[in-house]
Amino acid sequence: MKKEMFLNNLRDRLSAYSSDETEQSIAYYSEMIDDRIEDGMNEDDVVASLGSVDDIANKIIDELSLSTLVKCKTKDKSIPTWAIVLLVISSPLWLTLLLALFSAFFGIYIGIWGIAVGFWAATFGIFAGSLASLVSIIFFAFKGSVISSLGALGAGIFLLGLGILFFLLTFYMSKGIVLLTKNIFLGIKKMFK
């Protein structure tokens, strides 16, 4: 496939999402092809090495901002007058329900992060307790209490192990929450594709 055919196919595939962002992507691929041709590659080989037009178009669409996707989906769509009147008249009902739904999801989301923050606080508390136990060994050693020093050493080692366990649990829980947030955002974004 030649460069012009490739770029035209890409432009056709992205026509529903025409914006400055898509034109920049097409210009990027045009420049990439030109650079590789200047380096001595055959035009057909360069285009073939890029992959399929559909894969590239999907990648470009995935990288479009949510605002661009919304603009592209809503342009050239007129809403009938009766629908606008119905939306305005029923707005106290649907707006209240929408706000309640958003508040519920936001509350759950903040609650989940609150649990994560609580686990982080507990983890640092356990590490502080471990450090305090290990420091108290010195205090007990100066008092000459060997049993208390050994008890403090045991407590410090136990708390250190517990702290490491809590740290790993909290780290992976936080990582999962971040991944969940990303997937929710991508799911919302996919609704506009």
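Residues numbered from 1 in each chain as written. Predicted model: local features only at pLDDT ≥ 70, side-chain atom pairs only at ≥ 80, totals over all residues. Heavy atoms only, no water.

> Would you explain the pattern of salt bridges in this entry?
Pairing is possible between side chains of opposite charge, provided their charged atoms come close. Across all of its chains, the model carries four salt bridges by this definition. Between E23 and R11 there is a salt bridge, with the nearest N and O atoms lying 3.8 Å from each other. Taken together, the residues span a long stretch of sequence, with E23 in helix 2 (residues 20–38) and R11 in helix 1 (residues 3–13) at a distance of 12 residues. Taking the relative accessible area as the measure of exposure, E23 reaches 38% and is therefore partly exposed. A salt bridge links D54 to R13; its shortest N-O distance comes to 3.2 Å. Of this pair, D54 sits in helix 4 (residues 53–63) while R13 sits in helix 1; the two residues are 41 residues apart in sequence, bridging distant segments of the chain. Taking the relative accessible area as the measure of exposure, R13 reaches 30% and is therefore partly exposed. (Salt bridge = Lys/Arg side-chain N within 4 Å of Asp/Glu carboxyl O. Helix = DSSP H or I, 4+ residues; strand = E, 2+ residues; numbered from the N terminus. Buried < 20%, exposed > 50% of the residue type's maximum accessible area, 1.4 Å probe, protein only.)

> Sorry if this is basic, but what is going on with the packing of aromatic side chains here?
To describe a pair of aromatic rings, you give the distance between the ring centres and the angle between the ring planes. Tallied over the full model, the rule gives nine aromatic pairs. Aromatic pair F102 and F106: ring centres 6.0 Å apart, planes at 15 degrees, arrangement stacked. Of this pair, F102 and F106 both sit in helix 7 (residues 91–143), four residues apart, which is roughly one turn of that helix. On the basis of an interplanar angle of 25 degrees and a centroid distance of 6.0 Å, the ring pair of F119 and F166 is categorised as stacked. (Phe/Tyr/Trp six-rings, centres within 6.5 Å; stacked < 30°, edge-to-face > 60°.)

> Just checking my understanding: could you explain the layout of surface pockets for this structure?
One way to see where empty space is left: roll a probe the size of a water molecule over the atoms. In this structure, the largest pocket occupies an estimated 350 Å³ of space. Along the wall of the largest pocket there are 13 residues; nearest its centre are F105, F106, Y109, I184 and I188. Taken together, the elements giving at least two residues each to the lining of the largest pocket come down to helix 7 and helix 8 (146–191). Here the lining of the largest pocket gets eight residues from one element, more than from any other, and that element is helix 7. (1 Å grid on protein atoms, 1.4 Å probe; cavity = no way out; pocket = protein on both sides within 12 Å on 5 of 7 lines; lining within 4 Å. Points joined across faces, edges and corners; volume = space filled by probe spheres on them.)

> Help me out: how do you make sense of a nonpolar patch on the surface in this one?
A cluster of nonpolar residues, L101, F105, I108, I112, L180, I184, I188 and M191, forms a patch on the protein surface that exposes about 770 Å² of accessible area. Put simply, the parts of the chain that give the nonpolar patch at least two residues each are helix 7 and helix 8. As for its placement among the helices and strands, I184 is situated in helix 8. (Patch = residues over 30% accessible without salt bridge, like charges linked within 9 Å, V, L, I, M, F, W, Y side chains within 5 Å. Areas by Shrake-Rupley, 256 points an atom, 1.4 Å probe, with all protein chains shown as cover.)

> I would appreciate a short explanation of the packing of helix 7 against helix 8 in the present structure.
When two helices pack together, their arrangement is given by the angle between the helix axes and by the axis-to-axis distance. Put simply, helix 7 and helix 8 touch, their axes get as near as 8 Å, and they point 160 degrees apart. In terms of their interaxial angle, helix 7 and helix 8 are classed as roughly antiparallel. Of the two elements, helix 7 crosses helix 8, and the hand of that crossing is left-handed. Considered class by class, the residues forming the contact of helix 7 with helix 8 number 28 nonpolar, 12 polar and no charged. (Axes fitted to C-alpha atoms, helices over the stretch in contact; angles between N-to-C directions. Parallel < 35°, antiparallel > 145°, perpendicular 65-115°, else oblique. Left-handed = near helix turned anticlockwise from the far one by under 90°. Nonpolar A, V, L, I, M, F, W, Y, C, P; charged D, E, K, R; others polar.)

> Explain the side chain of S133 here, please?
Mapped onto the fold, S133 is located in helix 7. Excluding residues that lie within four positions of it along the chain, S133 makes contacts with A152, A155, G156 and L159. (Contact = heavy atoms within 4.5 Å.)

> For this particular structure, what's the right way to read helix 3 (residues 43–50)?
What sets the pattern is the α-helix's 3.6 residues per turn: residues three or four places apart point alike. Among the residues making up helix 3, those that are buried are V46, V47 and L50. All buried residues of helix 3 project into a common sector of 95 degrees when viewed along the axis, lining one side. On the buried face of helix 3, the contacting elements are helix 1, helix 2 and helix 4. (Arc of directions from axis to C-beta.)

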